[in-house]
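Observations on the three-dimensional arrangement
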Amino acid sequence: MDKVSTIEGRAIPLGLKNVDTDVIIPAHWLKTVSREGLGKGAFETIRQAPGNPFDVEDFAGAPILIAGDNFGCGSSREHAAWALLDLGITAVIAPSFSDIFSGNAFKNGILTVELPQDQVDRLLEITVDHPVTIDLENQTVTTPFQDRFAFEVDPFRKHCLLEGLDEIGLTLERGAEIETHEQQRAQALPWLDAPQRRDAA
Amino acid sequence: MASKPRTLYEKIWDAHVVERRDDGTCILYIDRHLVHEVTSPQAFEALRLAGRKVRRPDLTLAVPDHNLPTTPRTDTAGNRLPIEDPQSAAQLAALEANAPAFGIDYIDATAPEQGIVHVVGPEQGFSLPGATIVCGDSHTAAHGGIGALAFGIGTSEVEHVLATQTLQLRPSKSMEVRVEGELGPGVTPKDLILHIIGVIGTAGGTGHVIEYRGPVFEQMSVEGRLTVCNMSIEGGARAGLIAPDDTVFSYLEGRPYAPRGEAWDKAVAWWQTLHSDPDAVFDKTVVINAADVEPTVSWGTSPEDVVPVGGVVPTPESFADPSKQSAARKSLDYMGLEPGQRIEDIAIENVFIGSCTNSRIEDLRAAADVLKGRTKASNVRWAIVVPGSGLVKRQAEAEGLDQIFTAAGFEWREPGCSACLAMNPDKVPPGERCASTSNRNFVGRQGPGARTHLVSPAMAAAAAVTGRLADVRTLAPCQAVDA
Ligand code: SF4
C-alpha cells in the first residue's frame, strides 16, 4: 500500500450529510470482478444532477473530498472505498464517519479526517477556489490562508498509513510466528495439513 | 490440561492462536478456506497487484455456487452451455482462472461434486471438527454443525486469509442455547432454529458465538445440526457450534478430503476432547423448552418474525418496543398481510426447496415424504427443488425422489444458491409469495418485491400441495422426525 504522509490539492466541496454507501456506489455496480473502474459508478445519482461539484473542471482528479455528518453509513460494502480510490480520492474530511466505512477506508489506505462542523464549513468555502493540505504526521489541515485545524487519529492507524502498512503487510511481518504455529500444528494436529487433493484422489 | 474450565469455543480458539496482542487482538490460524465466485475476484486481484502468493493453497478449496444458473450446464453432447448474464459469466470465469493460477483445488461448475460451499465442505470431508473454517459468506456458520469454528468474512479478509492463512480477530463472547426435552412429532431442526431466533431476536447473539446444547442436538443428524448452526447468523451470532460426537465422526469417515488410517484415529482422539467442560462459564445462557416448538413460519421481513403455523399474523401494537411496532407495520405492508389473519389462510404461489440451510438429502427426503402421491395445488405457479450439491442430487435420484418431485409438479434443478438470494435467474416475481426453505426473508431477497415465508422442507411441501401455508402434521400421518 502507498505511504500516506501529506495530501495536498483541490478538495471537492460536497458538504452533504448522511452520504450512504448506496450513494457512494449504487448496488448495481457490485457484480464486478475488479476493484478498479468503480469510479465510473461513484456518486452516480449526484453526478446526474446538473451543476454538481463533480462536474467542475477544477476538481477533476482532486485527492480530497469534504462531506457532512455520518459519511459512509449504510452497508458494509468495501466497494465504497474502492470507488473513492478509483476516483483518485485518498482523504475524506467530514464531521463524522460510519465505523464500518472508516475501517474499510483505512484498510484501503484512505485517510478519514474528522473536524467539527464549523471548521468543515470554513473548508467548504475555501476549497471552492483554493487547495488544502492535510499533514498526517502533524495531524493538521491547513489552507493558503491562516487556517490550521488539528485532528485526532488512532496512533495505530497513523503508523500504518505513514509506513504504508496494510493489515496484510502487518500480519506478514509476523511470518516467523505463523511458521512456528504451523510447525506445532503439524505435530499436534497433523491431519489438518495436506487434505487429500481431488487430483491425487 | 488442569487449567480453568473452558467452553468448546474457547478450546478451539486457544488451539489456533498464533499470537495475542496486548489489546486482546489475536492472530488466529485458519485451517480451511472455502472460496466462491462472488466475493473472491477482488481478493485475487489485490494479491496479484501486490505480488503476493496464496500461503496455503492446500488448505483452500474453490467452488462456484452463488450466481450459477440451475438449468442444465451442458448440452446432450456434454458441451458446456454459456451463462447468459455477462457479469455472472465474468465472475465464474475469474474463479476458474484464479484457482489454478494460485494452485487452489477447484470444483468446476460441471463437476459431480459441485454445490453450495456450505453443503460441499462437510460432504467432502474438507470441513472437520475443531477446525477454524472461513468463507466470504455469512452462512459459513453452518459448518459449526460438525463442531468446527466457522464464520463468514469480507473480501479484504478473504485476501488476508489467502495471503497469510490467518486473521486478526478479537475473541467473541460465549452464549449457550440449551434446549431441554424432546421435539414433538413433525417438528424439525428448521422449526427449532426459527423458534430460537424468534425467542432471542436477530440481535440476541450479537458479539457472541453460540453453542447449542441439550439432548435434542445429541440425537440430531449431522444434516439437522448444519441447518441449526447455519442460521446462527440470523440470531446475530458470528458462529454457532455443536460439540462433535460419534454421529459426526461416522458421517465424516471415508469422505474424500477426510483424514485416513492413523491420521483418522489421532483426529478422533482429539475431537473427543472437544466439548465444553462441565464447569465452563458462558457469558449468556438461553433455555428453550423443546415441547414449545411447533412447525414454525415467518410472517415478516426479519427472521425473528416467526409464529407457529397454527397462529395468526400479529398486530404491530402487540410489540412493546415502539421501533419494533413500526418495523412490523412496514413488514406487514410489504408482505401484504393483515394483523389477526390466520397463518393457514395465507395462499402462496411459489415454493422453493433449497439453499445451504435445507438442501441436503434428509431435507429432500422429508419434502418427498409429504409429496408422495400428491400434486401441487393449482394456484402454485412455480415450485422448484434445488439440491445442495451434485452428490445430493444423484443420491436423491438413486432413491427416486426426483420422480416424486416432478410428479408433484416441481422442477428438478442443478445445484446452487438459486432463489435463496436471486443472484441467478431464479427469482420470485414482485408481489408474489414464496414458501421457502432458505434462511432470509429480507425485503427483495428472493427478487424485487418478493414475499418470503421461511419454513422447513416438510412445511414447504405441505404448502405446495395445499396452495397455502399449512400444518404438515394435519396432512400426512405424523412420521418420526429424521432428526
Ligand atoms: S444458499 Fe443462500 S445463504 Fe447459502 S451460501 Fe448461497 S446465498 Fe448464501
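Residues numbered from 1 in each chain as written. Chains lettered and ligands numbered in written order. Predicted model: local features only at pLDDT ≥ 70, side-chain atom pairs only at ≥ 80, totals over all residues. Heavy atoms only, no water.

Here's the deal with the overall build of chain A
A tally of helices and strands in chain A yields eight helices and eight strands. In terms of overall dimensions, chain A has a C-alpha envelope of 65 × 40 × 25 Å along the principal axes. Residue burial in chain A is summarised as follows: out of 201 residues, 53% are buried. Counted over contacts in chain A with a minimum sequence separation of 6, partners at least 24 positions apart contribute 66%. Summed over its atoms, the accessible surface of chain A is roughly 9,400 Å², and 48% of this surface lies on carbon and sulfur atoms. Charged side chains of chain A number 17 positive and 32 negative; the gap between the two group centres comes to 6 Å. (Helix = DSSP H or I, 4+ residues; strand = E, 2+ residues; numbered from the N terminus. Buried < 20%, exposed > 50% of the residue type's maximum accessible area, 1.4 Å probe, protein only. Contact = heavy atoms within 4.5 Å. Areas by Shrake-Rupley, 256 points an atom, 1.4 Å probe, with all protein chains shown as cover. Lys, Arg positive; Asp, Glu negative; His and termini not counted. Charge placed at Lys NZ, Arg CZ, Asp CG, Glu CD.)

Focus: helix H3 (residues 86-101) of chain B
Residues and elements named next belong to chain B. For H3, with 16 residues, the first-to-last C-alpha span of 22 Å sits near the 22 Å given by 1.5 Å per residue. Within the span of H3, buried status applies to Ser88, Gln91, Leu92, Ala94, Leu95, Asn98 and Ala99. Considered in projection along H3, the buried side chains sweep an arc of 155° and stay on one side of the axis. Across from the buried face of H3, at angles greater than 90 degrees, the exposed residues are Pro86, Pro100 and Ala101. Those residues of H3 hidden inside the fold are in contact with strand S3 (32-35), helix H2 (41-50), strand S4 (60-62) and strand S5 (105-106). Two residues or fewer after H3 comes glycine 103, characterised by a positive phi angle close to 75°. (Expected span 1.5 Å × (residues − 1). Arc of directions from axis to C-beta.)

Thoughts on the side chain of glutamate 182 of chain A
Residue position: glutamate 182 of chain A is located in helix H8 (residues 175-188). Dropping the residues within four chain positions of it, glutamate 182 of chain A is found in contact with Tyr29, Arg55 and Arg56 of chain B.

Quick look at the sheet that holds strand S2 (residues 26-29) of chain B
Within a sheet, each strand pairs with its neighbour through backbone hydrogen bonds, oriented either parallel or antiparallel. All names here are of chain B. Strand order in the open sheet made by the three strands is S1-S2-S8, with antiparallel pairing throughout. Of all the strands in the sheet, just strand S1 (17-20) and strand S8 (166-169) have a single pairing partner and so form its edges. On average, each strand axis in the sheet is inclined to that of its neighbour by 20°, with strand direction left out of account. Where helix H1 (residues 8-15) meets the sheet, its contacts fall on S1, S2 and S8, and the angle it forms with S1 comes to roughly 85°. (Pairing = 2+ DSSP bridges. Axes fitted to C-alpha atoms, helices over the stretch in contact; angles between N-to-C directions.)

A few points about the interface of chain A and chain B
Opposite the 39 residues of chain A that make contact, chain B presents 58 residues. Between chain A and chain B the total buried area reaches about 4,000 Å² when both faces are included, carbon and sulfur atoms providing 52% of it. Viewed at the interface, chain B and chain A are joined by eight salt bridges. Where aspartate 31 of chain B meets arginine 185 of chain A, a salt bridge forms, and the shortest distance between an N and an O atom there is 2.9 Å. Where chain A meets chain B, there are 21 residue pairs in polar contact (both at pLDDT 80 or more). Contributing elements (two or more residues each) for the side of chain A that touches chain B: helix H3 (79-87), helix H7 (167-172) and H8 of chain A. Its residues assigned to classes, the side of chain A that touches chain B comprises 14 nonpolar, nine polar and 16 charged. (Buried area = accessible area lost by both parts, 1.4 Å probe. Salt bridge = Lys/Arg side-chain N within 4 Å of Asp/Glu carboxyl O. Polar contact = N/O pair within 3.5 Å; in protein donor to acceptor, adjacent residues only side chain to side chain. Nonpolar A, V, L, I, M, F, W, Y, C, P; charged D, E, K, R; others polar.)

With respect to the domain arrangement of chain B
Residue and element names in this part refer to chain B. When cut into domains, chain B gives domain 1 (8-170), domain 2 (173-245 + 276-292) and domain 3 (297-474). Computed over C-alpha atoms, the centres of domain 2 and domain 3 are 22 Å apart. Facing the 20 residues of domain 2 at the interface are 21 residues of domain 3. In terms of surface lost to domain 3, no three residues of domain 2 exceed Lys190, Leu194 and Glu223, which account for 32% of the buried area on that side. Inspection of the region where domain 2 meets domain 3 yields one salt bridge. For glutamate 234, the salt bridge goes to arginine 440, with nearest N and O atoms at 2.8 Å. Where domain 2 packs against domain 3, one counts eleven residue pairs in polar contact (both at pLDDT 80 or more). Grouping the constituent residues of the side of domain 2 that touches domain 3 by class yields seven nonpolar, nine polar and four charged. (Domains from an automatic or database assignment.)

Comments concerning the domain arrangement of chain A
Domain annotation for chain A reports domain 1 (6-153) and domain 2 (166-193). Just the C-alpha atoms count here: the centres of domain 1 of chain A and domain 2 of chain A sit 38 Å apart.

Concerning the site of the ligand
Taken together, His66, Ile116, His118, Asp137, His139, Ser355, Cys356, Cys417, Cys420, Leu421, Asn439 and Arg445 of chain B make up the full set of residues near the ligand. By residue class, the composition of the shell around the ligand is five nonpolar, five polar and two charged. (Near = heavy atom within 4 Å.)

Examining helix H13 (residues 390-398) of chain B
Residues and elements named next belong to chain B. Buried residues of H13: Gly390, Val392, Lys393 and Ala396, and no others. Looking straight down H13, one finds that the buried residues subtend no more than 160° of arc, so they occupy a single side. Across H13 from its buried face, at more than 90 degrees, point the exposed residues Arg394 and Ala398. The opening residue of H13, the one whose side-chain oxygen lies 3.3 Å from the backbone nitrogen of leucine 391, is serine 389. Looking at the residues trailing H13, positive phi occurs at glycine 400, about 80°.

Some words on the sheet that holds strand S6 (residues 132-135) of chain A
Residues and elements named next belong to chain A. In space, the four strands of this open sheet follow the order S1-S6-S7-S8, with antiparallel pairing throughout. Every other strand in the sheet has two partners, leaving strand S1 (6-9) and strand S8 (148-150) as the edge strands with one partner each. Between one strand axis and the next, the sheet turns by 15° as a mean value, whatever way the strands run. Relative to strand S7 (residues 140-142), S6 runs antiparallel, the two being bridged by three bridges. The residue bridging isoleucine 134 from the neighbouring strand is valine 141, located in S7.

Observations concerning the environment of methionine 231 of chain B
All names here are of chain B. Mapped onto the elements of the fold, methionine 231 is located in the loop between helix H8 (222-230) and strand S11 (239-241). Classification of methionine 231 by relative accessible area gives buried; the value is 0%. Setting aside residues no more than four positions away along its own chain, methionine 231 makes contact with Lys190, Ile193, Leu194, Ile197, Thr357, Asn439 and Leu454.

A short note on the packing of aromatic side chains
Any aromatic ring pair is given by two values, namely how distant the centres are and how the planes are angled relative to each other. Evaluated as defined, the whole model comprises 15 aromatic pairs over all chains. A ring pair is formed by tyrosine 212 of chain B and phenylalanine 217 of chain B, whose centres lie 5.7 Å apart and whose planes are at 50°; its orientation type is tilted. Residue classification places tyrosine 212 of chain B among the buried positions, given a relative accessible area of 2%. According to the relative accessible area criterion, phenylalanine 217 of chain B is buried, its value standing at 2%. Look at phenylalanine 405 of chain B and tryptophan 412 of chain B: their rings are 5.7 Å apart centre to centre, the planes differ by 15°, and that puts the pair in the stacked class. Phenylalanine 405 of chain B sits in the buried class, given a relative accessible area of 0%. Residue class for tryptophan 412 of chain B comes out buried when judged on its relative accessible area of 18%. Cluster of aromatic residues (ring-pair linked, three or more members): Trp191 of chain A together with Phe249, Trp264, Trp270 and Trp271 of chain B. Sitting over the face of the ring of phenylalanine 54 of chain A, arginine 47 of chain A holds its NZ or CZ atom 5.9 Å from the ring centroid. One cation-aromatic arrangement involves arginine 32 of chain B over phenylalanine 126 of chain B; the distance from NZ or CZ to the ring centre is 5.4 Å. (Phe/Tyr/Trp six-rings, centres within 6.5 Å; stacked < 30°, edge-to-face > 60°. Lys NZ or Arg CZ within 6 Å of the ring centre and 35° of its normal.)

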